[in-house]
Amino acid sequence: MHKMHNAPKTRGDPETTGATLHRASLYDIHTSLMGMGVNGPNSRMIIEMVKIKPGDKVLDVGCGTGNLTLTAKKYAGAAGSAYGIDASPEMIDVARKKAKRSGSETVFEVGLIEKIAYPDATFDVVISRLVIHHLPDDLKRQGFKEIYRVLKPGGLFFLADFKPPTNPVLAHVTSALVGHRMMQSNAWRIPPMLTETGFVDVASGPTCSAFLAFVSGKKPTA
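Only a predicted model underlies this, so the values are computations on that prediction, with no experimental measurement involved. Positions within a chain are numbered from 1, following the residues in the order the chain's sequence is written. Totals for whole chains, interfaces and linings use every residue, but because this is a predicted model, local features are given only for residues with pLDDT of at least 70 and side-chain atom pairs only at 80 or more, for both listing and counting. Excluded from the side-chain calculations are hydrogens and water; all other atoms, namely the structure's heavy atoms, are used.

Caption draft 1: Representation of the pattern of salt bridges within the structure. For this document, the term salt bridge refers to a Lys or Arg side-chain nitrogen within 4 Å of an Asp or Glu carboxyl oxygen. Summed over all chains, the structure comprises 9 salt bridges. The closest approach of N and O atoms between Asp93 and Lys97, which form a salt bridge, is 3.2 Å. Taken together, the residues Asp93 and Lys97, both in helix H4 (residues 89–102) and 4 residues apart, mark about one turn of the helix. With a 1.4 Å probe rolled over the protein chains alone, any residue whose accessible area is under 20% of its type maximum counts as buried; one over 50% counts as exposed, and the rest are partly exposed. With relative accessibility at 37%, the residue Asp93 sits in the partly exposed group. On the accessibility criterion, Lys97 (45% relative accessible area) is partly exposed. Taken together, the salt bridges that share partners define one network made up of Asp120, Glu146 and Arg149. Comment: elements are numbered from the N terminus, with helices defined as DSSP H or I runs of at least four residues and strands as E runs of at least two.

Structural data, given as structure tokens:
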């Protein structure tokens, strides 16, 4: 989600048509600057909007270096669990090291949004931050079908992604951090895709972040 060219695929990368980010240390610097570190203000904002509670089983899709996933685990508590998947082995390696250092039992695995390696109806909540804009529309739709599959009936999918900034100064600063091409992404295009997938109670709107909007939907209970 930061300003860098997508690195060439390396040995060990799973095959995907979506962008795979590398340079995990640089990624961490940028996410920290934007308040997205472990238990950072942006991470806490998202988890609190999702209303993750003790005992929840949470999946973070496109988890990067694990900041949002580890924050989710804090809210899910000892009775709950959190899992993060990402297409980049480098990101997962850093995420696992963070979990080990902090004594967190959060699980991180190399994996793809379009082929999630968990059984049907596994998770209470699936979250994703600044991932969907990396994917072409056909991959978005495929990923949403997989997320729908792994959610329990009544489970919630919540994503946060770019919205076009209206403030020109903010647009310039954010574009410098994440790159102009990524700022062309628009979260408002996603709700119809969730509805097509079968999600109900689809909602979207602003967040407390000046550059992020949210989109959410639930898997029907029957």
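Caption draft 2: Fine view of the packing of helix H2 (residues 41–50) against helix H3 (residues 67–76). Between H2 and H3, whose axes approach to 9 Å, the crossing angle comes to 55 degrees. Viewed along their axes, H2 and H3 adopt a mutual orientation that is oblique. Read as a crossing pair, H2 and H3 show a hand that is right-handed. The segment H2 lies against H3, with Ser43, Arg44, Ile46, Ile47 and Glu48 engaging Asn67, Leu68, Thr71, Ala72 and Tyr75. Where helices are involved, their axes are fitted lines through C-alpha atoms of the stretch in contact, as for all axes, and angles between N-to-C directions lie from 0 to 180°. For this classification, under 35 degrees means roughly parallel, over 145 means roughly antiparallel, 65 to 115 means roughly perpendicular, and everything else is oblique. Handedness of a crossing follows from how the near helix is turned relative to the far one, being left-handed for an anticlockwise turn of less than a right angle and right-handed for a clockwise one. In this analysis, two residues are considered to be in contact whenever any of their non-hydrogen atoms come within 4.5 Å of each other.

Caption draft 3: Region of the structure containing the environment of Ile127. In this fold, Ile127 is placed in strand E4 (residues 123–129). Overall, the relative accessible area of 0% leaves Ile127 in the buried class. As for Ile127 and Leu159, which are separated by 32 residues in sequence, their C-alpha atoms are 5.6 Å apart. Beyond its immediate stretch of four places on either side in the chain, Ile127 contacts Ile47, Val50, Val58, Leu59, Asp60, Val61, Leu68, Ala72 and Phe158.

Caption draft 4: Highlighting the pairing of strand E3 (residues 107–110). In the sheet, strand E2 (residues 81–86) pairs with E3 via 4 bridges, with the strands oriented parallel. For Tyr83, the partnering residue across the bridge sits in E3 and is Val107. We call a crossover right-handed when, viewed with the strands running away from us, the connection from the first strand over the helix to the second turns clockwise. Assessed by its sense of winding, the connection that carries the chain from E2 through H4 to E3 is right-handed. Strand pairing is assigned whenever DSSP detects at least two bridges linking the two strands.

Caption draft 5: The arrangement of the environment of Lys145 in detail. Its place among the elements puts Lys145 in helix H5 (residues 137–150). Residues Lys145 and Lys115 lie 30 residues apart in sequence; the distance between their C-alpha atoms is 9.6 Å.

Caption draft 6: Focus on the nonpolar core. Definition of nonpolar core: a set of buried residues of the types Ala, Val, Leu, Ile, Met, Phe, Trp, Tyr and Cys, connected through side-chain atoms within 4.5 Å. Ranked by size, the top nonpolar core spans 25 residues in total, and within it Leu59, Val126, Phe144, Ile147 and Phe157 carry the most contacts. For this core, the elements supplying multiple residues, two or more each, are strand E1 (57–61), E2, E4, H5, strand E5 (151–162), helix H7 (191–197) and strand E7 (212–218). Here Phe157 is in contact with Val126, Ser128, Phe144, Ile147, Leu151, Leu194, Phe199, Val215, Ser216 and Gly217, once residues within four sequence places are set aside. Within the second largest apolar cluster, 19 residues are counted, among which are Ala76, Ala160, Phe162 and Phe214.

Caption draft 7: Structural context of the pairing of E1. Extensive coverage of E1 is indicated by the burial of 4 of its 5 residues. Handedness of the crossover joining E1 and E2 through H3 is recorded here as right-handed. Summarising the sheet, E1 and E4 pair through 3 bridges and their orientation is parallel. Residue pairing across strands places Leu59 opposite Val126, the latter belonging to E4.

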